[in-house]
Amino acid sequence: MADYNPQEIEAKWQKRWAEARVFETEVDPAKPKYYALEMLPYPSGTMHMGHMRNYTIGDVVARVKRMRGFNVLHPMGWDAFGLPAENAAIQNNTHPLTWTRNNINEFQRVLRRFGFSYDWRREISTCDPRYYRWNQWFFLRMFERGLAYRKKSRVNWCPKCCTVLANEQVVNGGYCWRHEDTLVESREIEQWFLKTTHYADQLLEDLKELEGAWPDRVITMQRNWIGKSIGARVRFAVADVAAAEPIEIFTTRIDTIYGASAIILAPAHPLVQKLLAGSPQQKEAEPKLAQMRQTSVKTEDLATAEKSGFFTGRYAINPFNNEKLPIWVGNFVLMEYGTGAIMAVPAHDERDFEFATKYGLPKPVVVVDPKGLTPETRSANSAFGSAGAPPSVSEGGSSSPQAATSNQAEQPFTEYGKLVNSGPYSGLPSDEAILAMSAHAQAKGFGERETIFRLRDWGISRQRYWGTPIPIVYCPNDGIVPVPDKDLPVILPENVPLTGEGGSPLAATPEFVNTICPKCGGPARRETDTMDTFVDSSWYFYRYCDPQNDKAPFDPAKVAYWFPIDQYIGGITHAILHLLYSRFWCKVMRDLGLVTHKEPIAHLFTQGMVQKGGVAMSKSKGNVVGAMEMAAKYGADTGRLYTLFAAPPEKDLEWSEESIEGAWRFINRVFRLVDRLAESLRDVKSGIPTSTSDSEKALLRKTHQTLRRVTLDVETRWHFNSAIALIMDFYNEIHAPLEKGVRPEIAKHILETLVLMLAPMTPHLAEELWEMLGHKEGLWTVAWPDFDPELARDEEVEIVVQVNGRVRARLKVAAGLGEADLVPKALAEPAVAQHIDGKRVVKQIVVPDKLVNLVVA
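Some words on the overall build of the protein chain
In terms of regular secondary structure, the protein chain is built from 28 helices and 34 strands. For the protein chain, the spread of C-alpha atoms along the three principal axes comes to 100 × 85 × 50 Å. Within the protein chain, the fraction of its 857 residues that count as buried is 55%. Of all intrachain contacts in the protein chain linking residues separated by at least 6 positions in sequence, the fraction that spans at least 24 positions is 73%. For the protein chain, the exposed area adds up to about 36700 Å²; of that, 50% sits on carbon and sulfur atoms. Side chains of the protein chain carry 99 positive and 105 negative charges; the gap between the two charge centres is 1 Å.

As for helix H25 (residues 763-772)
Here H25 lies mainly inside the structure; nine of its 10 residues are buried. Pro763, His764, Leu765, Ala766, Glu767, Glu768, Leu769, Trp770 and Met772 are the residues of H25 that are buried. Gly774, located one to two residues past H25, shows a positive phi value of around 105 degrees.

Concerning the pattern of salt bridges
When charged atoms on two side chains of opposite charge get close, those side chains can pair. In this structure the tally under the stated criterion is 53 salt bridges. The shortest N-O distance in the salt bridge between Glu10 and Arg113 comes to 2.6 Å. Of the two residues, Glu10 sits in helix H1 (residues 6-20) while Arg113 sits in helix H4 (residues 96-113), which places them 103 residues apart along the sequence. Take Glu10: its relative accessible area is 1%, and that puts it in the buried class. For Lys12, the salt bridge is made with Glu768, and the minimal N-O distance between the two is 2.9 Å. With a gap of 756 residues between them, Lys12 in helix H1 and Glu768 in helix H25 connect regions that are remote in the sequence. If you follow the salt bridges from partner to partner, you end up with Arg21, Glu24, Glu26, Asp119, Arg121 and Arg122 in one network.

Here's the deal with the pairing of strand E26 (residues 567-570)
Side-chain alternation along E26 places Gln567 and Ile569 on one buried face and Tyr568 and Gly570 on a second face that is also buried. One ladder, built from three bridges, connects strand E1 (residues 33-38) with E26; its direction is parallel. Across the sheet, the residue bridging to Ala36 is Gln567, located in E26. The sheet contact formed by E26 and strand E27 (residues 604-606) spans three bridges and is parallel. Considered in E27, the bridge of Gly570 is made with Thr606. Each parallel crossover has a hand, and the one from E26 via helix H18 (residues 577-591) to E27 is right-handed.

Regarding the side chain of Asn623
Looking at the element boundaries, Asn623 is found in the loop between strand E29 (615-616) and helix H19 (627-634). Asn623 sits in the buried class, given a relative accessible area of 8%. Side-chain polar atoms of Asn623 contact the backbone oxygen of Lys612, separated by 3.1 Å. In terms of polar contacts, Asn623 uses its side chain to reach the backbone carbonyl oxygen of Val615, at 2.9 Å. Not counting the four nearest positions on each side in its chain, Asn623 is found in contact with Lys612, Val615, Ala616, Met617 and Ser618.

Quick notes on the sheet that holds E27
The strand order E2-E1-E26-E27 describes an open sheet built from four strands, whose pairing is parallel. Taken across any chain shown, the strands that pair with only one partner, and hence form the sheet edges, are strand E2 (71-73) and E27. Between one strand axis and the next, the sheet turns by 20 degrees as a mean value, whatever way the strands run. Judged from the three bridges that link them, E1 and E2 form a sheet pairing that is parallel. Counted as the bridge partner of Lys33 is Asn71 from E2.

Considering H1
Across its 15 residues, H1 extends 21 Å between first and last C-alpha, which sits within 8% of the 21 Å expected from 1.5 Å per residue. When H1 is considered as a whole, its buried residues turn out to be Pro6, Ile9, Glu10, Trp13, Gln14 and Trp17. For H1, the buried positions fall inside an angular range of 125 degrees around the axis, keeping them on one side. In H1, the exposed positions angled more than 90 degrees off the buried face are occupied by Glu8, Lys15, Ala18 and Glu19. Those residues of H1 that are buried lie in contact with helix H2 (49-67), H4, H19, helix H20 (636-645), helix H21 (657-681) and H25. A side-chain oxygen of the first residue of H1 lies 3.2 Å from the backbone nitrogen of Gln7; this N-cap is Asn5.

Here we look at the packing of H19 against H21
Packing of H19 against H21 brings their axes to within 11 Å, and their N-to-C directions diverge by 45 degrees. Comparing the axis directions of H19 and H21 gives the class oblique. Of the two elements, H19 crosses H21, and the hand of that crossing is right-handed. Together, Met630, Lys633 and Tyr634 of H19 and Glu657, Ile660, Glu661 and Trp664 of H21 make up the contact between the two elements. Tallied by class, residues from the contact of H19 with H21 come to four nonpolar, no polar and three charged.

Quick notes on empty space enclosed by the protein
Taken as a whole and judged by the stated rule, the model has two cavities of 30 Å³ or more. The computed volume of the largest cavity comes to approximately 40 Å³. Lining the largest cavity are Val61, Val64, Lys65, Val714, Glu715 and Trp718. Looking at the lining of the largest cavity, the elements with two or more residues in it are H2 and helix H22 (694-717). By residue class, the composition of the lining of the largest cavity is four nonpolar, no polar and two charged.

Some points on the packing of aromatic side chains
Counting across every chain of the model gives 51 aromatic pairs. Consider the rings of Trp328 and Phe355, whose centres lie 5.6 Å apart with planes at 85 degrees: the pair is edge-to-face. Residue Trp328 is located in strand E14 (residues 324-330), and its partner Phe355 is located in helix H10 (residues 350-359); the two are separated by 27 residues in the primary sequence. Here Trp328 falls in the buried class, since its relative accessible area comes to 10%. Taking the ring centre of Trp13 as reference, the NZ or CZ of Arg16 above it sits at 4.6 Å. Over the face of the ring belonging to Phe512 we find Arg526, whose NZ or CZ atom lies 5.7 Å from the ring centre.

Thresholds applied
- Residues numbered from 1 in each chain as written.
- Predicted model: local features only at pLDDT ≥ 70, side-chain atom pairs only at ≥ 80, totals over all residues.
- Heavy atoms only, no water.
- Helix = DSSP H or I, 4+ residues; strand = E, 2+ residues; numbered from the N terminus.
- Buried < 20%, exposed > 50% of the residue type's maximum accessible area, 1.4 Å probe, protein only.
- Contact = heavy atoms within 4.5 Å.
- Areas by Shrake-Rupley, 256 points an atom, 1.4 Å probe, with all protein chains shown as cover.
- Lys, Arg positive; Asp, Glu negative; His and termini not counted.
- Charge placed at Lys NZ, Arg CZ, Asp CG, Glu CD.
- Salt bridge = Lys/Arg side-chain N within 4 Å of Asp/Glu carboxyl O.
- Pairing = 2+ DSSP bridges.
- Right-handed = clockwise from strand over helix to strand, strands pointing away.
- Polar contact = N/O pair within 3.5 Å; in protein donor to acceptor, adjacent residues only side chain to side chain.
- Axes fitted to C-alpha atoms, helices over the stretch in contact; angles between N-to-C directions.
- Expected span 1.5 Å × (residues − 1).
- Arc of directions from axis to C-beta.
- Parallel < 35°, antiparallel > 145°, perpendicular 65-115°, else oblique.
- Left-handed = near helix turned anticlockwise from the far one by under 90°.
- Nonpolar A, V, L, I, M, F, W, Y, C, P; charged D, E, K, R; others polar.
- 1 Å grid on protein atoms, 1.4 Å probe; cavity = no way out; pocket = protein on both sides within 12 Å on 5 of 7 lines; lining within 4 Å.
- Points joined across faces, edges and corners; volume = space filled by probe spheres on them.
- Phe/Tyr/Trp six-rings, centres within 6.5 Å; stacked < 30°, edge-to-face > 60°.
- Lys NZ or Arg CZ within 6 Å of the ring centre and 35° of its normal.

See below:
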């Protein structure tokens, strides 16, 4: 009896697959296509089993689809530019290109060792000039259309990285994500932007197409990031500063404007310095302002960050009641959202309430819950509303009979309600007041209705070396001049001083900087910023369709065949920026006439993390389980099987050495079973005889019941863990009867079914077992098996019947019944009918063989 030797078996079949070019694919309109893709990796450090989980899930999907007759595109490439490679190169005294290529070679070796079914001919690397040339080409097309532009902007700056950081790279209340001992500074510099806001409405609207196909959590995160707000812009005149223009604020709650107790500006607001000039607060305020401008607060941290600020010594005039409002500067107001200024309404906003409490600002109540009004207040408000004439308004803006004694909030009320203490608008519900007050502001010329977005244009400038050069030159005569297409790519030079200190390394490279103006032929200098690496990953999956094209980014006809991506798999960490920028890029390409679809990714799956010791595997955490070490010890198939079996794919997986030993033992048991029986079955034709004994019928029934359930789990539900559990249970049921003796054709049919069910998950093992059973052709020529409906039918199952989620009955029914059969049976059950009597069934949820839930109203 042979021993299971994964090293020999896996090398053998990987060689066979390569020789037969099994995973290479081309456009074939005669076959249904399927584009399966995992997010491309950043080649840094060592590949560990945390990485392997993502690729194993994608490989199972790709292999199942091939067995189902699809023409499958399953490529791989490298997100190869970026600051980490540059820092690592500096630290290790090597060039980033050498460092990156070495890592790519190692990553590719690991992926090949695990037998992932990639079409390696399509491999791309984003640091290859043949790829980043097209980054530059796209930039020029956007520049021509006004979608790429340069402006001065306040940015997050890491003094140790010496570059701009995205908001997401500022962590722990203001520190660099790569140097958590380094406080991020806020600086104003010139940089390049892509106008993502041009597509804000489309990016938001088209999320509707992805509902049900993308995780709800991701769609919510994208929707919140885009952040559409419908409200009003209001201008507050500045008192006693003749040269100061009005302060504009944007608010979605103009109905609360009578409750404003201050105007608060962002530290970067252009009016701040003008307001402080000559103010009695100037001397005290300027050091505080400098500190605020040095410290970044991320949007997502605003709710938890400590609020701080200072009074400018100046006042603004509330245009609705002429009340003077003190003008403050606050760290929780951002120039990136709205106008960089807010009206603080402490009684009706939690952040404003926190700020007002800290600094002793008033908290006047102007909106109340109608259910909480006293009869006297209801009556008074009703009278104001119906009379249509404003009551007298005090200097503080009070108009309610209770205002003098109970007008200060003890906690914020942030919902819509009825207006009080709001002049002529008291008594109106919030929604009516918003319309009326917006119209009044517009009629009087100090405001108007407006829609804004939280989304900001994408700053792509990075002051480091290892990235795509921006194809722009600066000419003393002609200003900003784009590099002509014929001169692309602008090559990133290799002989560049890398010190990690001070500005862009390219700026210190005269042979790169000094050039000729394409327009006038005079001396000019190149742009020395490089592109954000999110540019590289925003469109890479299109290049896979046509990776060798040197005339265009890709052939639109090839993309039209393969797109959209049928299944994209990656971590939740990329739920916002990578996916949002990819969607933006798709819309730009559509407007360029390169594609016709609106969304690049039809279905998205976010897998859970692999943890060890309760922490996600990471080299920095020192808790990695190396992929190659695992393959050397147990074989790639054991590693694949374990990562699929240990937890549902969307959940985090806690690594367990004991559990992987269990996967190893199972694979060995299956191998030994087939090895013992293979010789006697090799020349037998498998099949199901017309007549069978009871014991044979029971084995065949178990085989097809398992196949039915495994098919559902691997093809539709992605319950790979439960599919493997079913296969393990199947093995436990069949191995003893098979070894005792079953008709050869039945035994071979059962073993073949076992092998085919394992094929997507343990492909090397399955190929070896298939050959041992006498098959000359490889499994890549074999379809996924179909189950026999009669044999697959369970004798009887118990169905739980719920009404509005509560169990009302349990029914014994034949297995395999669909909704059309199950719902009438459920409705006919007396206990169910009793709870539905007189009500209407508005929805019915059916899980075959398990559950009927009737939603009634």
